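What follows is each chain in one-letter form.
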Amino acid sequence: MRSINSLTLKQKGLFIIGFLLAIELSMVAFLAVLLYQAEEAVRQESAARDLVAGLNYSFLLSEKAHDAATYFVGTGRPELSKRFFETKTLLQSELKELKKNAEPFPECRESVAKVLSALAKSEELWTRMVTLRVSSYGPDWDKAGALRESSRKSQDQVERLSSFYALQDRTAKIVKHKASENLRYQAHLTDLLIAGVGANIILALVLSLAFSKGITSRLNVLVDNSKRLATERELNAPLKESDEIGDLDRVFHSMAGARNEAARKDRALTDNARDVIFSLEGGKIIKTNPAIEESWGYSVNEILGRAPEEIIDGDTEQFKHELNRCSQSGENLEARILRKNGSPI
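Keep in mind that this is a model prediction, so the values were computed, not measured.

Residues and numbers for the overall build of the protein, please.
Counting its secondary structure elements, the protein contains 9 helices and 2 strands. Shown N-terminal to C-terminal, the secondary structure of the protein runs as helices and strands in the order α-α-α-α-α-α-β-β-α-α-α. Evaluated residue by residue, the protein yields a buried proportion of 32% over its 345 residues. Across the protein, contacts joining residues at least 24 apart in sequence account for 61% of those joining residues at least 6 apart. About 21500 Å² of surface is accessible on the protein, with carbon and sulfur atoms providing 57% of the total.

Put into structure tokens, the structure is as follows:
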């Protein structure tokens, strides 16, 4: 696996962008999961509310069917018989829908089965009452009336009501639980969104600062090396990175090596020369070769830092003027030098 130091600046930039993108995608994935769970909780809460509404409506229809059947047996009014059978049809349809709505809630299936069983028994009793009342007179009339009284006090009626109330209580708990789940998922979504945005901003700042600091510090090394190269001083230790800045630093070190090699050869040439060779800077002698001791009688240390006009034979002001002119034009300048003992060369 490649080290981070071996990457180019472009690759490092792409690495940071890719890393931040991976964090973003992870956060989006977590948000998607929480959002799905929140939507599922909302859907189940809605289904639970539909179940409660269907249960209440079924209970209302069962009461209407019961009342229509008992009042018809007591009064014999035909519209009550019609109302009973219409309500019975609506109730059967609503019970099918109630059973369907209870499917997502396994904890309600047993209670729904009890309600359906109790309603089936009550519905059978009510139908017998109405059928006997419609088709019978005399003793059978009294039988229908007895069935009506029995339906008011029967265990079937008690089972029907108790099973309805039990299912209603259970579905109410489900609605409350799903609503609580929905609020919890919404809180998690909010917390994750805030934490994700905050973490992403902090991470982006940290990576950006680390990246820029690494570049800035190494650029400072390059600037210092360029100054050292210009003043012929030893360069800083080579940078380890293999990016563009590291390549440029290696070029500086290569140039410094070539300069040092050229300087070594130049020193070897001047040190072994029989003629006097010296360099000027700011009007002062800053460098010379050992031949000056034999030819001029000065030691190297004695001549360094002195102005050339101090050791010439002639008008010093004229010499300085000519020296400046020749330095600018590149012409040669001839002058007579005085040895240390004062004799001219």
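Picking up after the structure, the text goes on.
I'd like to hear about helix 9 (residues 316-329), residue by residue, with values.
Here helix 9 is 14 residues long and its end C-alpha atoms lie 20 Å apart, about the 20 Å a rise of 1.5 Å per residue gives. Along helix 9, the residues classified as buried are Phe319, Glu322, Leu323 and Cys326. Take helix 9 and look down its axis: the buried residues cluster within an arc of 105°, on one side only. Of the exposed residues in helix 9, those oriented more than 90 degrees away from the buried face are Glu317 and Gln328. Elements in contact with the buried residues of helix 9: strand 1 (278-281).

Tell me about the pairing of strand 2 (residues 284-288), and please be specific about residues and values.
As paired elements, strand 1 and strand 2 share 4 bridges and run antiparallel to each other. Opposite Leu280, over in strand 2, you have Ile285 as the bridge partner. Counted along the chain from strand 1 to the antiparallel partner strand 2, the turn is 2 residues long, and its residue Gly282 has a positive phi close to 65°.

Any details on the pattern of salt bridges? Residues and values, ideally.
A complete count under the given rule lists 4 salt bridges for this structure. Note that Asp224 and Arg228 form a salt bridge whose closest N and O atoms lie 2.8 Å from each other. Separated by 4 residues within a single helix, Asp224 and Arg228 lie in helix 5 (residues 155-230), roughly one turn from each other. On the accessibility criterion, Asp224 (26% relative accessible area) is partly exposed. What makes Arg228 partly exposed here is its relative accessible area of 22%. Glu310 serves as the salt-bridge partner of Arg306, at 3.1 Å between the closest nitrogen and oxygen. Using a relative accessible area of 43% as the deciding quantity, one classes Glu310 as partly exposed.

Help me get a handle on a nonpolar patch on the surface, residues and values and all.
A cluster of nonpolar side chains, Leu193, Val197, Ile201, Leu205 and Leu209, forms an exposed patch at the surface whose accessible area comes to about 470 Å². With respect to the secondary-structure elements, Leu193 resides in helix 5. Classification of Leu193 by relative accessible area gives partly exposed; the value is 44%.

So what about the packing of aromatic side chains? Which residues, and what values?
By the definition in use, this model includes 1 aromatic pair. Between Phe84 and Phe85 the ring centres are 5.1 Å apart and the planes differ by 70°, which places this aromatic pair in the edge-to-face class. Judged by its relative accessible area of 1%, Phe84 is buried. On the basis of relative accessible area, Phe85 is assigned to the partly exposed category, the value being 36%.

For the nonpolar core, give the residues involved together with the corresponding values.
With 17 residues, the main nonpolar core has Leu51, Phe105 and Cys108 as its most contacted residues. Taken together, the elements giving at least two residues each to this core come down to helix 1 (9-75), helix 2 (78-101), helix 3 (106-135) and helix 5. Looking at this core, the element that brings in the most residues is helix 1, giving 6 residues. The next biggest cluster of nonpolar side chains, apart from the first, holds 11 residues, and it includes Ala65, Ala68, Leu125 and Met129.

How would you explain the confidence of the model for the protein if you had to name every residue and give the values?
Within the protein, residue pLDDT values average 75, and 86% of them lie at 70 or more. Confidence drops under a pLDDT of 50 for residues 137-141, and excluding neighbours within four residues, the segment shows 3 contacts in the predicted structure. With pLDDT under 50 throughout, residues 150-155 is counted as low confidence; its partners more than four residues away or in other chains account for 9 contacts.

Which residues make up the environment of Tyr298, and what values do they have?
Take Tyr298: it is sitting in the loop between helix 7 (291-295) and helix 8 (300-303). When near neighbours in sequence (up to four residues on either side) are disregarded, Tyr298 contacts Ile292, Glu293, Ile303, Arg306, Ile311, Leu338, Arg339 and Lys340.

Criteria and cut-off values
- Residues numbered from 1 in each chain as written.
- Predicted model: local features only at pLDDT ≥ 70, side-chain atom pairs only at ≥ 80, totals over all residues.
- Heavy atoms only, no water.
- Helix = DSSP H or I, 4+ residues; strand = E, 2+ residues; numbered from the N terminus.
- Buried < 20%, exposed > 50% of the residue type's maximum accessible area, 1.4 Å probe, protein only.
- Contact = heavy atoms within 4.5 Å.
- Areas by Shrake-Rupley, 256 points an atom, 1.4 Å probe, with all protein chains shown as cover.
- Expected span 1.5 Å × (residues − 1).
- Arc of directions from axis to C-beta.
- Pairing = 2+ DSSP bridges.
- Salt bridge = Lys/Arg side-chain N within 4 Å of Asp/Glu carboxyl O.
- Patch = residues over 30% accessible without salt bridge, like charges linked within 9 Å, V, L, I, M, F, W, Y side chains within 5 Å.
- Phe/Tyr/Trp six-rings, centres within 6.5 Å; stacked < 30°, edge-to-face > 60°.
- Core = buried A, V, L, I, M, F, W, Y, C linked by side-chain atoms within 4.5 Å.
- pLDDT = per-residue confidence, 0-100.

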